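Summary of structural features
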Amino acid sequence: EMVREGLPLNLDRIVLIGHSAGATLALWYAAKVKSDKDLICPRLVVAIAPITDVKQAQTRQICDERDAIALYMKCKPEDGFEAEKKYSSASPIRLLPNKVRSIVVAGRKDTIVPYEMITSYFDQVKDTSGHGPRHELLELDADHFQMVNARHPAFQSIFTRIEARLSSGE
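The rules behind these values
Residues numbered from 1 in each chain as written. Predicted model: local features only at pLDDT ≥ 70, side-chain atom pairs only at ≥ 80, totals over all residues. Heavy atoms only, no water. Helix = DSSP H or I, 4+ residues; strand = E, 2+ residues; numbered from the N terminus. Buried < 20%, exposed > 50% of the residue type's maximum accessible area, 1.4 Å probe, protein only. Pairing = 2+ DSSP bridges. Axes fitted to C-alpha atoms, helices over the stretch in contact; angles between N-to-C directions. Polar contact = N/O pair within 3.5 Å; in protein donor to acceptor, adjacent residues only side chain to side chain. Contact = heavy atoms within 4.5 Å. Salt bridge = Lys/Arg side-chain N within 4 Å of Asp/Glu carboxyl O.

This next bit is on the environment of Glu84. Along the polypeptide, Glu84 turns up in helix H4 (residues 81-90). On the basis of relative accessibility, which here comes to 27%, the residue Glu84 falls in the partly exposed class. Sequence-wise, Glu84 and Lys55 are 29 residues apart; in three dimensions their C-alpha atoms are separated by 8.1 Å.

Glancing now at the sheet that holds strand E4 (residues 135-140). Ordered in space as E1-E2-E3-E4, the 4 strands form an open sheet in which the pairing is parallel. Either end of the sheet is taken by a strand with one partner, and the two such strands are strand E1 (15-19) and E4. Neighbour-to-neighbour, the strand axes of the sheet open up by a mean angle of 10°, direction not taken into account.

All right, on to the pairing of strand E2 (residues 44-48) then. Burial within E2 is extensive, with 5 of its 5 residues counted as buried. The two faces of E2 match: Leu44, Val46 and Ile48 on one face and Val45 and Ala47 on the other face are all buried. As defined by bridge partners, E1 adjoins E2 across 5 bridges and the pair is classed as parallel. Paired with Leu16 across the bridge in E2 is Val45.

Residue position: Asn98 is located in the loop between H4 and strand E3 (102-107). According to the relative accessible area criterion, Asn98 is buried, its value standing at 3%. At a separation of 2.9 Å, a polar atom in the side chain of Asn98 contacts the main-chain amide nitrogen of Val100. Look past the residues within four positions of Asn98 in its chain and what remains in contact with it is Leu27, Ala30, Ala31, Tyr121, Ser129 and His135.

Counting across every chain of the model gives 8 salt bridges. Here Lys85 ties to Glu82 by a salt bridge, and the two come within 3.8 Å at their closest N and O atoms. Of this pair, Lys85 and Glu82 both sit in helix H4, 3 residues apart, roughly one helical turn. With a relative accessible area of 43%, Lys85 lands in the partly exposed category. A salt bridge links Asp141 to Arg108, with the nearest nitrogen and oxygen atoms 3.1 Å apart. Taken as a pair, Asp141 in the loop between E4 and helix H6 (153-167) and Arg108 in the loop between E3 and helix H5 (115-129) lie far apart in primary sequence, 33 residues in all. Via salt bridges that share partners, Glu136, Arg161 and Arg165 belong to a single interconnected network.

The values are spatial; any link to function lies outside them.
Dropping the structure here:
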């Protein structure tokens, strides 16, 4: 809306940051960006503890409320072909390659979003998008909420990496 109204917004400096479901949405948006000529192409996406495979998350019932994903999706993957398509289109792992630079953050002590779900996603990112400086996996000794607690060292580590990536001119 700010863009349409002509308000001063530097579109070259947008960083999407999300945690958990918000991180999933940030990765989903990044997957929809087709080129850096799109109206809003983030300079960087930071996905902290993202649910990278929505179907797997529902099957494993990884959220605090066991049916949170099915309630959000308004269906279960086993409800048929359309439900299966809906889950695939919502899962960042099914939308690769991703053209937007990213930092994907995984907490080794996260008991909500499994560490291996995130590292499996990152392995696919490397295979489809290339590794190098564009995409980075940041592994932390932290649980799901410590990563977004401003007083925890994990939080500081994330913002240190963001600052480094932005100051490097990527």
